Structures are given as C-alpha cells and as structure tokens.
Amino acid sequence: MSKSCTHIAGIKDVTPSARGCEECLKSGSRWLHLRICRTCGHVGCCDDSPNKHATAHFHATGHPVIEGYDPPEGWGWCYVDEVLFDLSGRKTPQDGPIPRYY
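Since this is a predicted model, take the numbers as computed values, not measurements.

Caption draft 1: Geometry of the nonpolar core. Membership of the largest hydrophobic core is limited to ten residues, which are Val14, Cys21, Cys24, Trp31, Leu34, Ile36, Val43, Cys45, Tyr69 and Ile98. For this core, the secondary structure elements donating two or more residues are β1 (34–37) and β2 (43–45). Setting aside residues up to four positions removed in sequence, Ile36 forms contacts with Val14, Pro16, Gly41, His42, Val43, Val65, Ile66, Glu67, Tyr69 and Thr92. The next biggest cluster of nonpolar side chains, apart from the first, holds seven residues, and it includes Cys5, Ile11, Val83 and Phe85.

Caption draft 2: Region of interest: the pattern of salt bridges. With the rule as written, the count across this model stands at six salt bridges. With a closest N to O distance of 3.9 Å, Asp95 and Arg19 form a salt bridge. Here Asp95 is found in the segment after β5 (83–86), whereas its partner Arg19 is found in the segment before α1 (22–27), with 76 residues between them in sequence. With relative accessibility at 40%, the residue Asp95 sits in the partly exposed group. A residue is classified by how much of its surface remains accessible, and Arg19, at 40% relative accessible area, is partly exposed.

Caption draft 3: Representation of the pairing of β5 in the model. Here β5 shows a buried face lined by Val83 and Phe85 and an unburied face lined by Leu84 and Asp86. The pairing of strand β4 (residues 75–78) with β5 spans four bridges and is antiparallel. Within the sheet, the bridge partner assigned to Trp75 lies in β5 and is Asp86. Linking two consecutive strands that pair antiparallel, namely β4 and β5, is a turn of four residues; a positive phi of about 55° is found at Glu82 within it.

Parameters at a glance
Residues numbered from 1 in each chain as written. Predicted model: local features only at pLDDT ≥ 70, side-chain atom pairs only at ≥ 80, totals over all residues. Heavy atoms only, no water. Core = buried A, V, L, I, M, F, W, Y, C linked by side-chain atoms within 4.5 Å. Buried < 20%, exposed > 50% of the residue type's maximum accessible area, 1.4 Å probe, protein only. Helix = DSSP H or I, 4+ residues; strand = E, 2+ residues; numbered from the N terminus. Contact = heavy atoms within 4.5 Å. Salt bridge = Lys/Arg side-chain N within 4 Å of Asp/Glu carboxyl O. Pairing = 2+ DSSP bridges.

This is the structure in structure tokens:
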C-alpha cells in the first residue's frame, strides 16, 4: 500500500515571496532549483543548493508542503509524510523571470 499525504487538503494557492530564493537573493548566494511553500509562498532553494533554504523554511515554520517551482516541475513534496505527489493541475505561476545562477 502506498503512503499518502495527510496535508494535501491544506495546500493553498500562494503568491511567490521573491523571483528566486528569497535568502540567496539577499546574501548573493547561488541556487540550483527553487521550491515554493504551498502554505505561505516562501521561495527557497532546493537541497542540492548550498544553503538548502526551502528545507530550512520547513524546519523554522513547520509548513509541510513545497512545490517544485523553477523550473515548474508539477510535483509536490510533503516534508512531514515524506511523500511526493502530483501538482501538475495546480502549479504556482511564476511572478516574472527567474534569474539563473547555475
């Protein structure tokens, strides 16, 4: 039996907090891919990026679900339930061009 996410019902349509990783833009750091929090819209960098700001945001806030944001990937991940799921029908639109640092 496959594991399911108990937080899907709490996924919100959000407005991106920045046009790139919010913390990396402030510090001048680089990122590989972006993740957007589907609770508040925080944009953070992925775990393959040096600073892993999306995961740090989860640990600081407890917001459970992120979306693969840039490039738009159509998937969601729940940190709590450790489940990957389809968000292709509910992708968050990008708020303008995203700077490239890779």
